[in-house]
Amino acid sequence: MADRVTVIGWDGSPLTAAARAALGAATLVAGAAHHLELPEVPAGAERIRLGSAALAARRVAGHRGTAVVVADGDPGFFGVVRTLRAPEFGLEVEVVPAVSSVAAAFARAGMPWDDAHVVVAHPRTLRRAVNVCRAHTKVAVLTSPGAGPAELGLLLEGVHRTFVICEELGTTREQVSVVTSDKAADHTWRDPNVVIVIGGQAATASGGWIAGRAPAAGPRGWTLPADAYGGDLGEGEREPLRVSQLARLGPVPGDLVWDIGCGSGAFATEAARAGAAVIAVDSDPRACARTDSTARRYGVQLQIVHGAAPQALEDLPEPDVVRVGGGGAAVVLAVADRRPQRIVTHAATRDAAERIGRELSEHGYRVECALLQSVELDTRAWTETERSVAFLLSGVLPTRAP
């Protein structure tokens, strides 16, 4: 029974002495077809076409001899090493790394990538990978069959991005192409490939102290006071209500948030600062312009849709969580028909809150309602300056996993 496996990264360059020595002693080699054709693979070694990493790990663990796994790029970066190290296989893993396919792709593009997000797209995770591309200005996507450049482009409808598509890196068939996201579906792309997705409003450089997106620019806080958005916010945008709505929705990277009745853009901006993709909807063109200005000020990516709900919602991609800031019960019900995991809204009266709550319950949501009352004081004289009262409603769909 094998208790040790050597994992060799391959990036198309000549193998290192350590990699050649490990392959030369192997009695079992697992890898993709082009790895198994390497001249360093011993003629007498058992060869396994690497498809399912878990199945390969079981074969390796049960092998009596010396096992080697060959994988593209750095096998410790979204690679096979994680599976091989699972306790159930009992394997000790030695890694001979190579340049990761992501690093190679950015090198071909001549771009830095310490500020990039990296996601893996499988058919089951494609929608969340697309949402990361909506929310950020530079994303590397490790694709798979059924979740490639064409599918990314189709799901990014309404959001302009540029794709740098790197096919079969490190092979004689390597090709790098640059297309706009709306044209990606017009081509057939070879696997494996890496897609660099760039575009959107570029934020101020972070200084390069942390990989990926730097912490949100601007004042510290999950929500910001009214003066951060130019003051004069509507009743449904007061900070105590916003912070409660944000807490109940809990937007995270990979989510798509709808903010219906976006007003000043305060909530949409705060959801985007949390890393989620956001579509902000409003029937008032002045609200849309104000929301765009707010997003630019804080360096976040928003898709802004001018139109009246619920009609304006019909062609939007499926949301994970939704804030209904305006439109009443009719809009809440239209949203519930799309089955997001969570919905928040508010009502001015108990009767209105009860009506919305009953409708959400009938749609299968678990409903909570709280009466929020806040009083702001001028601390110079400790006198009341503003009072607000609202019923906060939240609905959670129990049957949908987070």
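First things first, this report covers the structure right here in the doc. Just so you know, the residues in each chain are numbered from 1, in the order the chain's sequence is written. Two thresholds apply to this predicted model, a pLDDT of at least 70 for residue-level local features and 80 or more for giving and counting side-chain atom pairs, whereas whole-chain, interface and lining totals are computed over all residues. Note: side-chain values were computed over all heavy atoms of the structure, leaving out hydrogens and water.

**What about empty space enclosed by the protein?**
- Throughout, the protein atoms alone are placed on a 1 Å grid, and a set of points is a cavity if a 1.4 Å probe fits but cannot get out or a pocket if it is open with protein on both sides within 12 Å along at least five of seven lines; lining residues have an atom within 4 Å of a point. Grid points are joined across faces, edges and corners, and a volume is the space filled by probe spheres set on the points. Using the criterion set out here, one finds 1 cavity of 30 Å³ or more in the structure.
- Approximately 70 Å³ is the volume found for the largest cavity.
- Forming the boundary of the largest cavity are E235, R238, P240, L241, L372, Q373, S374, S388, V389 and A390.
- Each helix is a run of DSSP H or I of at least 4 residues and each strand a run of E of at least 2, with the numbering of both proceeding from the N terminus. Listed by contribution, the elements that provide at least two residues to the lining of the largest cavity are α8 (239-249), β16 (366-378) and β17 (383-396).
- A class-by-class count of the residues in the lining of the largest cavity yields 5 nonpolar, 3 polar and 2 charged. Three classes are used, and their members are as follows: Ala, Val, Leu, Ile, Met, Phe, Trp, Tyr, Cys and Pro are nonpolar, Asp, Glu, Lys and Arg are charged, and the others, Gly among them, are polar.

**Concerning helix α11 (residues 328-336)**
- Residue burial is assigned from relative accessible area. The probe radius is 1.4 Å, only protein chains are included, and a residue is buried under 20% of its type maximum, exposed over 50%, and partly exposed in between. The complete set of buried residues in α11 reads V331, V332, V335 and A336. Projected down its long axis, α11 shows its buried positions confined to an angular sector of 140°, all on one face.
- For this analysis, residues touch if any pair of their heavy atoms sits within 4.5 Å. Among the structural elements, β11 (256-260), β14 (321-324), β15 (342-347) and α12 (350-362) are those in contact with the buried residues of α11. Comment: arc refers to directions from the helix axis out to C-beta atoms.

**A look at the nonpolar core**
- Throughout, nonpolar core names a set of buried Ala, Val, Leu, Ile, Met, Phe, Trp, Tyr and Cys residues whose side chains join them through atoms within 4.5 Å. In this structure, W258, I260, V324 and V335 are the most contacted members of the largest nonpolar core, which totals 27 residues.
- Mapped by element, the contributors of at least two residues to this core are β11, β12 (277-282), β14, α11, β15, α12 and β17.
- Ranked by size, the runner-up nonpolar core spans 20 residues in total, among them V119, V130, I165 and V179.

**Re the sheet that holds β15**
- Read across the sheet, 7 strands follow the order β13-β12-β11-β14-β15-β17-β16 without closing on themselves; strand pairing throughout is mixed. In this open sheet, the two edge strands, each paired with only one partner strand, are β13 (302-306) and β16. The sheet shows a mean angle of 20° between the axes of neighbouring strands, direction not considered.
- What counts as an axis is a line fitted to C-alpha atoms, over the stretch in contact for a helix, and the angles between N-to-C directions run from 0 to 180 degrees. On the sheet, α8 packs against β14, β15, β16 and β17 and is oriented at approximately 160° with respect to β15.
- Its contacts with the sheet put α11 on β11, β14 and β15, and the angle it makes with β14 is roughly 170°. In this description, strands pair whenever DSSP reports at least two bridges between them.

**Examining the environment of P112**
- Residue placement: P112 occurs in the loop between α5 (101-109) and β6 (117-120).
- Along the sequence, P112 and P75 sit 37 residues apart, while their C-alpha atoms lie 21 Å from each other.
- Ignoring sequence-local partners within four residues, the contact set of P112 consists of F106 and K138.

**What about the layout of surface pockets?**
- In this structure, the largest pocket encloses a volume near 1300 Å³.
- Taken together, 46 residues line the largest pocket, and the ones lying closest to its centre are D72, F78, S101, T143 and P192.
- At 4 residues, the largest contribution of residues to the lining of the largest pocket is made by α5.
- Counted by class, the lining of the largest pocket contains 22 nonpolar, 16 polar and 8 charged residues.

**Brief notes about a nonpolar patch on the surface**
- Surface patches are drawn from residues lacking salt bridges whose relative accessible area is over 30%; two like charges belong together within 9 Å, two nonpolar side chains (Val, Leu, Ile, Met, Phe, Trp, Tyr) within 5 Å. Surface exposure here means Shrake-Rupley accessible area, sampled with a 1.4 Å probe, where a residue is shielded only by the protein chains that are shown. The term salt bridge refers to a pairing of a side-chain nitrogen on Lys or Arg with a carboxyl oxygen on Asp or Glu at a separation within 4 Å. On the surface, F77, F78 and W113 cluster together into a nonpolar patch covering about 280 Å² of accessible area.
- Topologically, F78 is positioned in the loop between β4 (67-72) and α4 (81-84).

**With respect to the pattern of salt bridges**
- Scanning the model with the defined rule gives 21 salt bridges in all.
- The closest approach of N and O atoms between R242 and E270, which form a salt bridge, is 2.4 Å. Note that R242 is positioned in helix α8 and E270 in helix α9 (residues 266-273), a separation of 28 residues in sequence.
- When its relative accessible area of 0% is taken as the criterion, R242 is described as buried.
- Judged by relative accessible area, E270 falls into the buried class, the value being 1%.
- Taken together, the shared-partner salt bridges connect R127, R128, D255 and D320 into one network.

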